Amino acid sequence: MKNLRSMLPDEIEQLLTELGEPKYRAKQVFKWLGRGIGSIDEMSDIPKALREKLKSEYTVYKPKVLGKQVSKIDGTIKYLWELYDGNAVETVVMSYKHGNTVCVSTQVGCRQGCAFCASTIGGLVRCLEPNEILEEVMFSQLDSGKPISNIVLMGIGEPLDNFDNVVKFLELVNHPDGMNIGMRHISLSTCGITEKFDKLAELNLQLTLSVSLHAPDDETRSKIMPANHGRGVDELMECCRRYYEKTGRRISFEYIMIDGVNDTQYHAELLSKRARYVGAHVNLIPMNHVEESRFQPSTQGHIKAFVKILEDNGVNVTVRRKLGGDVEASCGQLRRKMQKGNRIK
Ligand code: SAH
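Fair warning: this is a prediction, and the values are worked out from it, not measured in the lab.

How each quantity is defined
Residues numbered from 1 in each chain as written. Predicted model: local features only at pLDDT ≥ 70, side-chain atom pairs only at ≥ 80, totals over all residues. Heavy atoms only, no water. Core = buried A, V, L, I, M, F, W, Y, C linked by side-chain atoms within 4.5 Å. Buried < 20%, exposed > 50% of the residue type's maximum accessible area, 1.4 Å probe, protein only. Helix = DSSP H or I, 4+ residues; strand = E, 2+ residues; numbered from the N terminus. Contact = heavy atoms within 4.5 Å. Near = heavy atom within 4 Å. Polar contact = N/O pair within 3.5 Å; in protein donor to acceptor, adjacent residues only side chain to side chain. Areas by Shrake-Rupley, 256 points an atom, 1.4 Å probe, with all protein chains shown as cover. Nonpolar A, V, L, I, M, F, W, Y, C, P; charged D, E, K, R; others polar. Pairing = 2+ DSSP bridges. Salt bridge = Lys/Arg side-chain N within 4 Å of Asp/Glu carboxyl O. Phe/Tyr/Trp six-rings, centres within 6.5 Å; stacked < 30°, edge-to-face > 60°.

Novice: Quick rundown of the nonpolar core? Include the residues and the values.
Specialist: Ranked by size, the top nonpolar core spans 77 residues in total, and within it Phe116, Ile151, Phe253 and Val282 carry the most contacts. Counting residues per element, this core draws most heavily on helix 5 (residues 163-174), at 7 residues. Those residues within four positions of isoleucine 151 in sequence are excluded, and the remaining contacts are Val102, Val104, Val137, Phe169, Val173, Ile181, His185, Ile186 and Ser187. Among the nonpolar cores identified, the runner-up in size contains 18 residues, and Leu33, Ile40, Leu50 and Tyr58 belong to it.

In structure tokens form, the structure reads like this:
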């Protein structure tokens, strides 16, 4: 069955025209979908005969809240949603002065195998459909009552490994008749699936591309990120530069600070060169400890020294503020915990 929430208004219009319905019905249907209905029968101003016709081929689903944790420290909310097939993904809502940001998952699990990340431990189960990613945003907003103004694709999964569905999600969430969230308020984070960069640049979406760099040299990066094998940092930098030149959008490098692994002076100096070459902004991320991982977060002293080297080299750098420290708000942690307790599949 196809999901109606994966369809854009003009696609719904086309479908209804084929069914011999007037145009205004499409707007009605789209409105209902945006209000968060969980079944086609809830569209009370749509004639029963049409609902029956739609139900024979289409469906609508409302994900169930399996878990909800609210941080006592900063109000960050972490949701664990149950999808139609019993799988579960996480979404985080963070409140900043400038508005509320939602961090969405794009896959159930992940096949990239980064050594510091909880999301990849059980491998990839499946990709999320466009409607499922949209529903993370929609139902986080409806449940929390917090209007969402920004989206980061930094939850479970690798967005560029689910390219078509992610692009469709972006079109849906950006649509003026839908949630109408501007592309400039959206960041897509990738571990560096370089073969997809040109394809993304072609679309010329005005979103921010965040690259999880985490090491500026192949030796270190290949140790912690299998995605570096067969690609390499040089190639990644060339792809980043081309992306920047084509779209005019400044790239952001994410860099988790891991004690003794990627936080030395050597790394800071090479990272400075890389960032200058691409014109990238560097976002340093204090690592969240993952139980299964052998890595430890860098000390505050090391982070400070690292920042100073970058700044002295003229690089634009920020250190990410840690939110939701008490709700396991880091990528894949809550899903992992529930799996271990045999509470979800
Ligand atoms: N697959 C994409 C998006 C999901 S991960 C990517 O790799 O970018 C989102 C971000 O969280 C990435 O920068 C990732 O490296 C980071 N991350 C993963 N595990 C982490 C941890 N234990 N502590 C801090 N950040 C982590």
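Novice: Break down the site of the ligand for me, citing the residues and quoting the values.
Specialist: Around the ligand, 20 residues are found, and the nearest of them are Gly157, Ser189, Ser212, His214 and Asn288. Here serine 212 contributes a side-chain N or O atom positioned 2.5 Å from an oxygen atom of the ligand. The separation between an oxygen atom of the ligand and a polar side-chain atom of histidine 214 is 2.6 Å. In isolation the ligand has 530 Å² of accessible area, and contact with the protein removes 94% of it. Going through the elements one at a time, strand 10 (186-190) and strand 12 (252-257) are the ones with two or more residues in the shell around the ligand. Classifying every residue of the shell around the ligand gives 10 nonpolar, 8 polar and 2 charged.

Novice: Run through the environment of proline 63, naming residues and quoting values.
Specialist: Structurally, proline 63 can be placed in the loop between strand 2 (58-59) and strand 3 (64-70). Separated by 66 residues in the primary sequence, proline 63 and glutamate 129 place their C-alpha atoms 13 Å from one another. Apart from the residues within four sequence positions on either side, proline 63 is in contact with Trp81, Glu82, Glu135 and Phe139.

Novice: Lay out the pairing of strand 5 (residues 88-96) with the relevant residues and their values.
Specialist: Of all the 9 residues making up strand 5, 7 are buried; the element is thus mostly covered by neighbouring parts of the structure. Linking strand 4 (residues 77-82) back to strand 5 in an antiparallel pair, the connection comprises 5 residues, with glycine 86 at a positive phi of about 90°. In this structure, strand 5 lies alongside strand 6 (residues 99-103), joined through 5 bridges in antiparallel fashion. Bridge assignment links methionine 94 to a residue of strand 6, and that residue is threonine 101. From the end of strand 5 to the start of strand 6, which pair antiparallel, there are 2 residues.

Novice: Kindly report on the pattern of salt bridges, identifying the contributing residues and their values.
Specialist: Counted by the stated rule, this structure contains 21 salt bridges. The residue arginine 5 makes a salt bridge to glutamate 135 at a minimum N-O spacing of 3.0 Å. Within this pair, whereas arginine 5 is found in the loop between strand 1 (2-3) and helix 1 (9-18), its partner glutamate 135 is found in helix 4 (residues 130-144), the two being separated by 130 residues in sequence. We classify glutamate 135 as buried; its relative accessible area is 2%. The shortest N-O distance in the salt bridge between arginine 242 and aspartate 198 comes to 3.1 Å.

Novice: Tell me about the packing of aromatic side chains, residues and numbers included.
Specialist: This model, assessed by the stated rule, comprises 3 aromatic pairs. Relative to tyrosine 84, the ring of tyrosine 61 has its centre 6.5 Å away and its plane inclined at 80°; by these criteria the two rings are edge-to-face. Residue tyrosine 61 is located in the loop between strand 2 and strand 3, and its partner tyrosine 84 is located in the loop between strand 4 and strand 5; the two are separated by 23 residues in the primary sequence.

Novice: Could you give me a rundown of the side chain of threonine 106, with the residues and numbers involved?
Specialist: The residue threonine 106 is located in the loop between strand 6 and strand 7 (107-109) in this model. Relative accessible area serves as the criterion here: at 1%, threonine 106 is assigned to the buried category. Apart from the residues lying within four places of it in its own chain, the contact partners of threonine 106 are Cys127, Leu128, Ile133, Leu153, Ile156, Gly157, Glu158, Pro159, Asn162 and Val166.

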